[in-house]
Amino acid sequence: MGVNLDALDSFRQSLVAQSQFKKRKVILDSDDDSSACSVSCEIETSLPTLQASDYFMEPCLSELAMRELMDPGHCSRVQNFTVGRYGYGTVRFLGETDVRWLDLDQIIKFRRHEIVVYEDEAAKPVVGKGLNKAAEVTLVLQINSAKFSREGQVIEKLRLSAERQGAKFISFDPNQREWKFSVHHFSRFGLSDDEEEDVAMDDVDAEVQEPVTNNDSDGSDLDEERALVDPRLLSHSLPSHLGLDPVRMKEMRMMMFPAEEEEEDEELDGRFSHHRLPFGKEHMKSPIQHASSKTVQRSSPPAIRKTPLALLEYKPGSFASSPNGSILMTQQNKGLPLTITKVQGFKLELKETPVTGSHSRNIVDAALFMGRSFAIAWGPNDLLLHCGSTAGNSLQKRELSSTINLEKVAIDNVIRDENNKVREELIDLCFDSPLNFHKELNHETKEVVVDSYKIKVQKLVCDRLTLSRVCRSYIGIIEKQLEVPGLSSSARVVLMHQVLVWELIKVLFSLRETSEQSNSVGHNHEEYMLNNSKESSLDADDEALPLIRRAEFSYWLQESVCHRVQDEISSLNDSSDLQHLFLLLTGRQLDAAVELSASRGDVRLACLLSQAGGSTVNRTDIDRQLNLWKTNGLDFNFIEKDRIRLLELLAGNIHQALGGMNIDWKRFLGLLMWYQLPPDSDLTSIFQSYQRLLEDGRAPYPVPVYIDEGLVEDGVSWSPGDRFDLAYYLMLLHAREEKESSILKTMFSAFASTHDPLDHHMIWHQRAVLEAVGTFSSDDLHVLDMGLVSQLLCLGHCHWAIYIVLHMPYRDDYPYLQARVIREILFRYCETWSAQEKQRQFIEELGVPSAWLHEALAVYHAYYRDSSKALEHYLGCAFWQKAHSTFISSVAHSLFLSGFS
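Residues numbered from 1 in each chain as written. Predicted model: local features only at pLDDT ≥ 70, side-chain atom pairs only at ≥ 80, totals over all residues. Heavy atoms only, no water.

### Details of the overall build of the protein
Per the secondary structure count, the protein includes 37 helices and 16 strands. Buried residues in the protein amount to 46% of all 901 residues. Pairs at least 24 apart in sequence give 64% of the contacts found in the protein among residues at least 6 apart. Accessible surface, the protein: about 46,800 Å² in total, of which carbon and sulfur atoms supply 52%. (Helix = DSSP H or I, 4+ residues; strand = E, 2+ residues; numbered from the N terminus. Buried < 20%, exposed > 50% of the residue type's maximum accessible area, 1.4 Å probe, protein only. Contact = heavy atoms within 4.5 Å. Areas by Shrake-Rupley, 256 points an atom, 1.4 Å probe, with all protein chains shown as cover.)

### Let's talk about the nonpolar core
Ranked by size, the top nonpolar core spans 137 residues in total, and within it Phe 553, Ile 825, Leu 826 and Trp 833 carry the most contacts. Top element by residues in this core is helix H15 (residues 489-509). It accounts for 10 residues. Listed in part, the 41 residues of the second largest apolar core include Leu 131, Ala 162, Phe 172 and Val 183. (Core = buried A, V, L, I, M, F, W, Y, C linked by side-chain atoms within 4.5 Å.)

### Some thoughts on the side chain of Arg 767
Looking at where Arg 767 falls in the secondary structure, it is placed in helix H29 (residues 763-772). Of the residues examined, Arg 767 reaches a relative accessible area of 3% and is grouped as buried. There is a polar contact of 2.6 Å between the side chain of Arg 767 and the side chain of Asp 785. (Polar contact = N/O pair within 3.5 Å; in protein donor to acceptor, adjacent residues only side chain to side chain.)

### A word on the side chain of Glu 771
Relative to the helices and strands, Glu 771 resides in helix H29. A polar atom in the side chain of Glu 771 sits 3.3 Å from the backbone nitrogen of Ser 778. When residues no more than four places from it in sequence are discounted, the contact partners of Glu 771 are Phe 776, Ser 777 and Ser 778.

### Observations concerning unusual backbone geometry
Glycine aside, residues mostly have negative phi, and peptide bonds are mostly found in the trans state. Cis geometry is adopted by the peptide bond preceding Pro 59, which originates at Glu 58 and carries an omega value of 0°. Within the secondary structure layout, Pro 59 lies in the loop between strand S1 (55-58) and helix H3 (61-70). Located in the positive-phi region is Trp 101, a residue other than glycine, with phi close to 60°. Examined against the element boundaries, Trp 101 turns out to sit in the loop between strand S3 (89-97) and helix H4 (104-107). On the accessibility criterion, Trp 101 (52% relative accessible area) is exposed. Phi at Ala 878 is positive, roughly 65°, even though this residue is not glycine.

### Let's talk about the pattern of salt bridges
In the structure shown here, the tally under the stated rule is 31 salt bridges. Among the ionic pairs, Lys 745 bridges to Asp 780, the shortest N-O distance being 3.8 Å. Placement of Lys 745 in helix H28 (residues 744-747) and of Asp 780 in the loop between H29 and helix H30 (782-794) is noted, with a sequence separation of 35 residues between them. A residue is classified by how much of its surface remains accessible, and Lys 745, at 53% relative accessible area, is exposed. A single network of salt bridges, built from pairs that share partners, joins Lys 109, Arg 111, Glu 114 and Glu 119. (Salt bridge = Lys/Arg side-chain N within 4 Å of Asp/Glu carboxyl O.)

### Things to note about the packing of aromatic side chains
For the structure on display, the rule yields 25 aromatic pairs. Both rings, one in Trp 665 and one in Tyr 728, keep their centres 6.0 Å apart while their planes meet at 80°; by these two values the pair is edge-to-face. Highlighted residues: Trp 665 in helix H24 (residues 665-676) and Tyr 728 in helix H27 (residues 726-735), separated in sequence by 63 residues. The same class applies to Trp 665 and to Tyr 728, which are both buried. Ring centres of Tyr 690 and Tyr 728 lie 5.7 Å apart, and the angle between their planes is 70°; this geometry places the pair in the edge-to-face category. Of this pair, Tyr 690 sits in helix H25 (residues 683-695) while Tyr 728 is found in helix H27, placing the two residues 38 residues apart along the sequence. Looking at Tyr 728, the relative accessible area reads 3%, which means it is buried. Cluster of aromatic residues (ring-pair linked, three or more members): Trp 665, Phe 668, Tyr 690, Tyr 701, Phe 724, Tyr 728 and Tyr 729. Above the ring of Tyr 88, the side-chain terminus of Arg 85 is found at 4.1 Å from the ring centroid. Taking the ring centre of Phe 751 as reference, the NZ or CZ of Arg 723 above it sits at 4.3 Å. (Phe/Tyr/Trp six-rings, centres within 6.5 Å; stacked < 30°, edge-to-face > 60°. Lys NZ or Arg CZ within 6 Å of the ring centre and 35° of its normal.)

### Overview of the pairing of strand S4 (residues 108-111)
For a regular strand, side-chain orientation follows a simple rule: the groups alternate between the two sheet faces. Residues of S4 alternate between two faces, with Ile 108 and Phe 110 on one and Lys 109 and Arg 111 on the opposite face, all of them buried. Note that S4 and strand S5 (residues 114-117) share 4 bridges and pair antiparallel. Of the residues in S5, the one forming a bridge with Lys 109 is Val 116. Hairpin connection from S4 to S5: 2 residues lie between these consecutive antiparallel strands, with His 113 at a positive phi of about 65°. (Pairing = 2+ DSSP bridges.)

### Let's talk about the sheet that holds strand S6 (residues 135-140)
Strands sit in the order S1-S2-S3-S6-S8-S7 across an open sheet of 6 strands; the sheet is antiparallel. Every other strand in the sheet has two partners, leaving S1 and strand S7 (168-173) as the edge strands with one partner each. Going from strand to strand, the sheet's axes swing by 15° on average, the running direction of each strand aside. Looking at chain direction, strand S2 (residues 78-85) and S3 are connected through 7 bridges and run antiparallel. Bridge assignment links Gly 84 to a residue of S3, and that residue is Thr 90. (Axes fitted to C-alpha atoms, helices over the stretch in contact; angles between N-to-C directions.)

### Some words on the sheet that holds strand S9 (residues 188-190)
Taken together, 3 strands build an open sheet; the order of strands is S4-S5-S9 and the sheet is antiparallel. With one partner strand each, in any of the chains shown, S4 and S9 form the two edges of the open sheet. When the angles between neighbouring strand axes are averaged without regard to direction, this sheet yields 15°. Note that S5 and S9 share 3 bridges and pair antiparallel. Residue pairing for S9: Ile 115 is matched across the bridge by Phe 189.

### A word on the packing of H25 against H27
Helix-helix packing is described using two parameters, namely the angle between the two axes and the distance between the axes. In the contact formed by H25 and H27, the axes pass within 9 Å of each other and the chain directions differ by 120°. Taken together, the axes of H25 and H27 lie oblique to each other. As H25 runs across H27, the sense of the crossing is left-handed. On H27, the residues touching Leu 683, Thr 684, Phe 687, Gln 688, Tyr 690, Gln 691 and Leu 694 of H25 are Tyr 728, Met 731, Leu 732, His 734 and Ala 735. (Parallel < 35°, antiparallel > 145°, perpendicular 65-115°, else oblique. Left-handed = near helix turned anticlockwise from the far one by under 90°.)

### Focus: a nonpolar patch on the surface
Among the surface-exposed residues, Phe 887, Ile 888 and Leu 895 lie close enough to one another that they form a single nonpolar patch of about 280 Å² accessible area. Along the polypeptide, Phe 887 turns up in helix H37 (residues 880-898). Of the residues examined, Phe 887 reaches a relative accessible area of 33% and is grouped as partly exposed. (Patch = residues over 30% accessible without salt bridge, like charges linked within 9 Å, V, L, I, M, F, W, Y side chains within 5 Å.)

### Overview of the environment of Ser 885
By secondary structure assignment, the location of Ser 885 is in helix H37. For the pair Ser 885 and Leu 871, spaced 14 residues apart in the sequence, the C-alpha separation amounts to 9.2 Å.

### Considerations on helix H34 (residues 837-845)
Of the residues making up H34, those classed as buried are Gln 839, Arg 840, Phe 842 and Ile 843. Projection of H34 onto a plane perpendicular to its axis shows the buried side chains occupying an angular sector of 160°, all on one side. Residues of H34 that are exposed and point over 90 degrees away from its buried face: Glu 837, Lys 838 and Glu 845. On its buried face, H34 sits against helix H13 (424-440), helix H31 (798-806), helix H32 (817-828), helix H33 (830-833), helix H35 (850-863) and helix H36 (867-876). One or two positions beyond H34, positive phi appears at Gly 847, with a value near 95°. (Arc of directions from axis to C-beta.)

Here you go:
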């Protein structure tokens with residue numbers, strides 16, 4: 001038997017005070033604590049219990065404990081003991097009452113317009129014992145203010161009701177709406193249903209809604225549920241003008257016409273939405289709404305809760321394009337960037353507190369201000385509602401703020417131009433064209449059985465002989481993107497990087513070594529091998545293949561760094577000839593360097609430059625000459641420093657030549673390959689040499705292109721060794737002998753090629769081609785697959801999203817992965833793919849079971865209460881039981897009635 005904690009504290013304090021008042025002859029010495037403990041336990045167990053938070057008693061529990069302590073036996077003779085429930089009424093037991101060991105939660109129950117004492121007749125004591133005794137009852141009634149003119153009639157009817165129940169009418173206060181009467185003993189006293197209608201009671205006030213309590217565990221009846229209805233919704237209804245109870249009439253109508261009642265409830269919610277939530281977005285409802293939608297036992301209308309008003313309102317302009325002013329979750333506002341009304345909530349400056357350190361940013365959750373009416377969550381169209389700082393911005397000043405930020409996930413940046421507008425040609429070139437080409441390639445399929453259905457999981461098939469053609473096709477698609485006007489400079493740099501990546505894939509992994517364009521004249525064995533590999537290397541000697549591959553990689557490296565060389569040369573003045581020559585050598589533009597040196601009259605230097613990167617004998621001679629000058633004490637002040645740098649570079653000493661010069665990683669790799677390593681070194685040894693220098697901190701990091709080109713200065717966190725450029729990952733993949741590599745997940749992340757972490761449209765194709773030619777094998781790159789699926793769903797391309805899902809690698813430990821994702825797409829985006837016949841036909845051609853499509857359409861139409869179409873699709877997916885219940889409950893009666901119309 002529990003006791004209120006506050007009362008128990010007061011009781012224990014009274015133990016301390018009792019020694020001062022000397023009103024009790026109990027010795028509480030410090031050496032005899034056990035006697036005090038036994039006394040406190042005895043009093044505690046004898047006190048009455050009342051756990052319900054909306055009930056109260058007078059005297060209160062702490063006062064009873066105090067008086068029992070001061071006057072033993074007081075609880076057996078409490079004068080005018082009173083128990084009440086806020087908003088419902090009170091009962092005052094006349095005279096002395098023994099309240100010891102009473103469980104008031106079970107004995108006394110106040111309900112709407114009634115009181116029940118000892119509801120269980122078997123537990124009721126004889127008259128005069130316990131609480132079955134004379135008492136004065138006060139019930140709070142709800143009478144419409146319009147009925148006050150009939151006050152005399154109301155009093156007379158209340159008097160007759162009291163006498164009919166064996167009670168004595170005392171008074172009725174119309175201002176307080178309190179009905180008082182006295183009883184000799186207890187059972188049930190109050191107004192019956194007919195008497196309530198006769199007295200014309202109104203609904204309970206909004207302030208007197210029944211709170212959640214533990215007092216009545218058997219649940220509330222229809223009368224208590226009826227008290228939760230907002231009277232303002234029914235006060236002007238026809239039943240009220242006819243003198244009838246509008247709540248009871250509404251309950252009767254709901255039981256007889258449930259469909260009409262649901263439509264009326266939707267109209268009441270018109271404050272929030274003019275129509276139902278779009279199909280597939282029911283999860284946006286609150287848990288309370290979910291619970292109420294599943295409960296079919298009660299017939300009372302839903303409660304209209306008075307939610308607190310939001311401190312700030314937002315009116316996103318882009319939502320205006322949605323039908324009926326609502327926010328559709330499966331429809332996208334294409335071409336319209338998210339517009340947010342600029343608002344300012346109240347802000348409070350913070351003083352130093354224990355939480356103003358690094359533990360909190362001190363942005364108060366909006367739920368603290370607005371209660372359960374707002375919660376931080378994902379909304380329609382990938383919207384994020386939160387009360388923190390705007391993404392990408394840091395707080396300049398710590399403060400409490402009520403501002404709610406509404407942000408949209410930028411998952412479609414790749415199809416927007418520099419004015420942030422969606423371009424239809426970019427949608428085609430970024431997604432449709434590459435996927436159509438991918439679909440035209442050879443595939444192998446594997447049937448996966450899911451229940452009684454089969455789906456065809458696909459895998460791209462490609463060999464290294466056709467890899468060059470595949471790469472050239474992807475390059476052609478990207479070059480068409482570059483022709484689209486209005487692209488931002490950063491987008492063009494990313495597209496050029498994608499072209500270089502496809503070129504590198506062709507160079508490193510293709511068996512058909514071709515070199516379509518080469519304008520340079522061969523000066524050494526490397527370029528000679530490049531120019532003599534025009535057609536195919538299939539007939540070439542096996543010993544020549546590494547040299548041919550090296551020559552093509554050298555040409556690729558020259559093309560990759562050409563723009564960097566030209567940019568730095570353009571910043572030089574006319575008197576910097578030696579610096580000009582050095583920059584030309586960093587890009588291996590030997591023809592231009594020899595011509596420039598000869599035009600300046602430096603013939604000897606031109607001869608040395610013409611042999612740069614040639615045989616190791618020339619490098620050794622130049623290095624020996626430099627060492628002789630140093631050992632013989634030559635004064636280098638009489639020689640230009642830039643000329644010494646050129647000679648150091650020609651001698652193969654690239655670190656001495658660079659000095660403190662900052663250079664990008666591709667040019668450093670070129671210097672290592674062209675001037676330091678032997679000219680017959682294969683690519684594997686070159687890549688491994690660069691990796692060793694990188695590990696020793698003697699080489700620049702192969703940073704991603706957006707960092708290397710300075711496209712993104714803020715907002716991207718990067719540390720050395722965190723992630724590398726995709727081109728460098730391809731070099732590592734070529735240099736390693738094992739097929740499986742631990743770098744795959746980092747390699748095929750979006751950050752390896754673009755600063756947009758949500759753009760996976762091209763790297764997915766690169767992964768598919770590389771895996772098809774056997775460079776690696778992996779079945780745990782589902783993050784990449786789902787990233788592209790999300791992009792396609794954002795654009796409404798559900799058919800292509802399912803195509804990507806069917807290409808996800810099959811795993812024995814997750815045999816139903818593809819099926820579950822496909823069914824999720826069909827259900828959530830049913831409104832999108834069902835509206836386009838081409839998408840539906842494409843999905844069926846992929847081998848997706850038609851029963852899955854019918855099931856999604858059946859649930860979709862059932863959600864929108866189109867029973868006829870729902871029945872049709874239930875039959876299509878062979879859901880016979882559901883089809884039968886839909887026909888009997890929703891379709892049959894309309895067909896029957898239409899036959900007589």
